[in-house]
Amino acid sequence: MTNDAAELILNWYLELERRLCGFLQTIPFNTPNAKIALPPLANIIVDAGSLVDTIFREEFSRGGNARKNPDIRDFAPHYETTLQLSTLKAVLYQYPFSYITPFAGWVNSATGKYTPLQWWDDYNKLKHERVKEYLRSTLGTAIATVGALFQVLARMNVFFDALLRQDMIDLNGISIDGPLRNILGLMQSRNILHSILIESELFAVTRGCRVFPNDISKLNPRSYGGKKLWRYAGRHSV
């Protein structure tokens, strides 16, 4: 994927997130509200899911995979190996403070094969039968699908420069010589034992050695940086 394509996709993501935030201003996200179906959310779900599919498809072929017409059954084992998405937690900047894990369980640990994801199934049904399947246009599916797209953008190196230009990366005090892109190699080689934070209006994920704790009440923003993370998790700082 070219830098121009990565910039375009990130801009599309930001526009989708702004639209979703508009709904959240009226209907806050919580467990009961996650089940609310709003037909206009179908457009957000389909657009976000389509971008995930587009990114997976393009980068899959660029990685030397020769299979024609790959689908989620091919993508899951491949991207789980390279991106470790199943265990990736994203902070959701909504009250109550919580994580989302849209890719959790998408690869069966015994067989290594794809296990269906509800939000992906909802996206596919809405893509092909939007009127008949409009009840799948729930706030929970919209959060999961847009959150999944954010995680993919945050974890794929091809989007790093675009994220920097949009001021979505907090280096958490790390300083290096040369281009900031070099930090990716340093983290991969574990020459930097810290993490950076990728943060949007709705979500935040980490890259590097420090991951979010399983218990969100133990999340200390001092370890990660991020302006919004401090506002939401500052009460947990020790």
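A. Looking closely at the pattern of salt bridges. Counting across every chain of the model gives eight salt bridges. Salt-bridge contacts for Glu 7 lead to Arg 165; the nearest nitrogen and oxygen are separated by 2.7 Å. On the criterion of sequence distance, the pair formed by Glu 7 in helix H1 (residues 3-24) and Arg 165 in helix H6 (residues 160-165) is long-range, its members being 158 residues apart. The partner of Glu 133 in a salt bridge is Arg 136, with the nearest N and O atoms 2.9 Å apart. The class for Arg 136 is partly exposed, based on a relative accessible area of 24%. What you see here is one network of salt bridges that share partners, running through Glu 15, Arg 19 and Asp 47.

B. Region of the structure containing the environment of Arg 207. Looking at the secondary structure, you find Arg 207 in strand E5 (residues 203-208). According to the relative accessible area criterion, Arg 207 is buried, its value standing at 14%. Spatially, the C-alpha atoms of Arg 207 and Ala 154 are 8.1 Å apart, while their sequence positions differ by 53 residues. A polar side-chain atom of Arg 207 sits 2.8 Å from a polar atom in the side chain of Asn 157.

Cut-off values and rules
In every chain, residue numbers begin from 1 and rise along the written sequence. Given that the model is predicted, a residue must reach a pLDDT of at least 70 before its local features are reported, and side-chain atom pairs must reach 80 or more before they are shown or counted; all residues, however, enter totals for whole chains, interfaces and linings. The basis for every side-chain value is the complete set of heavy atoms in the structure, and neither hydrogens nor water enter the calculation. Salt-bridge detection follows one rule: a side-chain nitrogen of Lys or Arg within 4 Å of a carboxyl oxygen of Asp or Glu. Numbering goes from the N terminus for both helices and strands, where a helix is a DSSP run of H or I of at least four residues and a strand is a run of E of at least two. Think of it in three bands: residues with accessible area under 20% of the maximum for their type are buried, residues over 50% are exposed, and the middle band is partly exposed, with areas taken using a 1.4 Å probe on protein chains only. Distance and chemistry together define a polar contact, namely a pair of N or O atoms within 3.5 Å, with one atom able to donate a hydrogen and the other to accept it when in protein, and with adjacent residues in sequence counting only for side-chain atoms on both sides.

Functional significance is not addressed by these values, which are geometric in nature.
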